[in-house]
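# Descriptive analysis of the structure
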Amino acid sequence: MQIWIMIICFLIGILIIPLVRKFAFLINAVDEPRDRHMHTKITPTLGGLAIFISFTVGMLLLTVDKSGFLPVYIGALIIVSTGLIDDIIELSPRWKLVGQISAALCVVVWGQITIEFINIPFAGPLYFGIWAIPITIIWIVAIVNALNLIDGLDGLAGGVSIIALLTIAGMALLLQDVFVAPVAFMLIACILAFLVYNFPPATIFMGDTGSLFLGYMIAVLSLMGFKNVTFISILVPLIILGVPLSDTFFAIIRRLKARAPISMADRSHIHHRLMALGFSQRQTVLLIYCMAILFSITGFVFSFSTTWGAVILLILLAFCIEIIVEFIGLIGENYRPILNILAKVRRKRK
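Residues numbered from 1 in each chain as written. Predicted model: local features only at pLDDT ≥ 70, side-chain atom pairs only at ≥ 80, totals over all residues. Heavy atoms only, no water.

Between helix α5 (residues 132-150) and helix α10 (residues 242-257), the shortest axis-to-axis distance is 8 Å and the interhelical angle comes to 90°. Relative to α10, the element α5 lies roughly perpendicular. Between α5, through Ala142, Ile143, Asn145, Ala146, Leu147, Leu149 and Ile150, and α10, the contact on the second element is made entirely by Val243, Pro244, Leu245, Asp247 and Thr248. The residue inventory of the contact of α5 with α10, partitioned by class, reads 9 nonpolar, 2 polar and 1 charged. (Axes fitted to C-alpha atoms, helices over the stretch in contact; angles between N-to-C directions. Helix = DSSP H or I, 4+ residues; strand = E, 2+ residues; numbered from the N terminus. Parallel < 35°, antiparallel > 145°, perpendicular 65-115°, else oblique. Contact = heavy atoms within 4.5 Å. Nonpolar A, V, L, I, M, F, W, Y, C, P; charged D, E, K, R; others polar.)

Once that is clear, we can look at a nonpolar patch on the surface. Taken together, the side chains of Ile3, Ile7, Phe10, Leu11, Leu192 and Val196 present a nonpolar region at the surface, about 520 Å² in accessible area. Looking at the nonpolar patch, the elements that each hand over two or more residues are α1 (3-26) and α7 (180-198). At 4 residues, α1 tops the list of elements feeding residues into the nonpolar patch. Residue position: Val196 is located in helix α7. According to the relative accessible area criterion, Val196 is exposed, its value standing at 52%. (Patch = residues over 30% accessible without salt bridge, like charges linked within 9 Å, V, L, I, M, F, W, Y side chains within 5 Å. Areas by Shrake-Rupley, 256 points an atom, 1.4 Å probe, with all protein chains shown as cover. Salt bridge = Lys/Arg side-chain N within 4 Å of Asp/Glu carboxyl O. Buried < 20%, exposed > 50% of the residue type's maximum accessible area, 1.4 Å probe, protein only.)

UniProt records the feature "binding site: Mg(2+)" (unreviewed entry) for Asn148 and Asp208 in the present numbering. These annotated residues cover 61 residues of sequence, but their C-alpha atoms sit close together, with the largest distance between any two at 6.8 Å. Along the polypeptide, Asn148 turns up in helix α5. Not counting the four nearest positions on each side in its chain, Asn148 is found in contact with Lys96, Asp208, Ser211 and Leu212. Position of Asp208 among the secondary structure elements: in helix α8 (residues 207-225). Residues contacting Asp208, with those up to four places away along its chain left out, are Gly83, Asp86, Asp87, Lys96, Asn148 and Phe213. (UniProt positions renumbered as here; feature names shortened; annotations may be inferred.)

The geometry of an aromatic ring pair comes down to the distance between the two centres and the angle between the two planes. One pass over the full model with this rule turns up 7 aromatic pairs. Taken together, a centroid distance of 5.6 Å and an interplanar angle of 20° make the contact between Phe52 and Tyr73 stacked. Highlighted residues: Phe52 in helix α2 (residues 47-61) and Tyr73 in helix α3 (residues 70-89), separated in sequence by 21 residues. These aromatic residues form a ring-pair network of at least three members: Phe52, Phe55, Phe69, Tyr73, Phe179 and Phe213. (Phe/Tyr/Trp six-rings, centres within 6.5 Å; stacked < 30°, edge-to-face > 60°.)

With a phi angle near 65°, Asn28 is a residue other than glycine that sits in the positive phi range. By the element assignment, Asn28 lies in the loop between α1 and β1 (30-31). Located in the positive-phi region is Gln112, a residue other than glycine, with phi close to 55°. Note that Gln112 resides in the loop between α4 (93-110) and β3 (117-120).

Our focus in this paragraph is α3. Helix length check: α3, at 20 residues, gives a terminal C-alpha distance of 29 Å against a target of 28 Å (1.5 Å per residue), a fit within 8%. Buried within α3 are the following residues: Pro71, Val72, Tyr73, Gly75, Ala76, Ile79, Val80, Thr82, Gly83, Asp86 and Asp87. On its buried face, α3 sits against β1, α2, α4, α5 and α8. Two residues or fewer past α3, Glu90 is found with a positive phi of approximately 60°. (Expected span 1.5 Å × (residues − 1).)

The pLDDT averaged across the protein chain works out to 85; a share of 92% of its residues lies at or above 70. At the level of individual helices and strands, the protein chain shows its lowest average pLDDT in helix α9 (residues 231-240), which scores 66, and its highest in α2, which scores 96. (pLDDT = per-residue confidence, 0-100.)

Another aspect to go through is a positive patch on the surface. On the surface, a cluster of positive charge is contributed by Lys344, Arg346, Arg347 and Lys348. Within the secondary structure layout, Arg346 lies in helix α14 (residues 337-349). (Lys, Arg positive; Asp, Glu negative; His and termini not counted. Charge placed at Lys NZ, Arg CZ, Asp CG, Glu CD.)

What follows covers the nonpolar core. If you look at the biggest cluster of nonpolar residues, it comprises 102 residues, and the most contacted ones within it are Phe55, Val72, Ile140, Phe213, Tyr216, Met217 and Leu221. With 14 residues, the single largest contributor to this core is α7. What Met217 contacts, discounting residues up to four positions off in sequence, is Phe55, Phe69, Val72, Val183 and Leu187. (Core = buried A, V, L, I, M, F, W, Y, C linked by side-chain atoms within 4.5 Å.)

Right, dumping it as structure tokens:
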């Protein structure tokens with residue numbers, strides 16, 4: 001990895017973010033405090049544009065073979081444009097989804113990056129055939145929206161993205177991937193520059209411009225980095241992104257349970273619930289960082305486990321997620337089936 005490119009990306013980010021802040025105020029790309037928001041003052045939201053610009057410069061300087069990256073970059077342009085428009089005029093969920101699918105189509109149809117099959121333990125390969133394209137599109141869109149939903153506190157989405165990208169880069173290095181690893185490290189440098197201005201108390205947000213772009217890049221790099229698509233390897237990126245994906249999954253469950261629209265915003269995401277338990281913004285961000293690190297370590301271990309070891313690890317992980325969900329009330333304050341059983345067992349022992 002060319003360290004000097006990472007340094008250049010970081011310095012460009014540091015230098016242009018103040019300019020992007022002024023530009024955001026000029027075009028009214030700002031986030032005004034609302035009932036469900038944690039900030040108390042008007043804040044510019046185009047930090048993601050600075051991340052994208054510094055990333056673009058880095059890609060131009062990168063000397064590895066980039067012949068297959070053009071479809072990915074065009075898709076990134078589409079996703080950044082979608083986020084930029086949303087940060088200015090607030091697009092409807094339908095039009096945001098159109099932009100996300102269009103970006104995914106660039107990668108899948110033009111770039112021909114698809115999930116063709118998975119090897120299911122004890123059963124052999126399962127080929128998707130014509131379903132490979134829609135399945136891959138759903139994969140990309142799901143991860144994009146997962147990161148978008150978790151972007152609710154200063155420094156949260158950026159830090160979680162860095163942890164996910166570090167894990168992807170590390171695994172790519174082990175697999176001797178000469179493209180995914182340097183691109184992931186370069187993205188990390190771009191995000192670090194942004195976090196200088198975004199960590200609590202933030203002077204700029206990444207906005208949808210940033211969260212959609214980072215979700216898109218994480219989704220695509222994970223597809224490019226894990227070429228041996230086995231049942232285990234396809235679960236690794238899901239485990240690495242366990243925090244935003246589980247938050248999204250339980251948000252859907254929560255809204256279906258309440259018979260509310262899935263796209264409806266609320267104050268019951270993981271960061272909201274941790275703060276409701278009495279943690280400060282900074283403590284909440286650091287706690288979620290710790291959760292993301294644990295998921296990433298689990299992803300590493302999972303990728304090198306035997307089939308039975310992976311199954312056992314997956315069961316333990318699911319159990320731990322359920323306990324955390326019940327403890328912080330991610331589905332609802334009255335949803336505590338396992339904790340209630342444990343409480344009954346404890347009372348009987350007394």
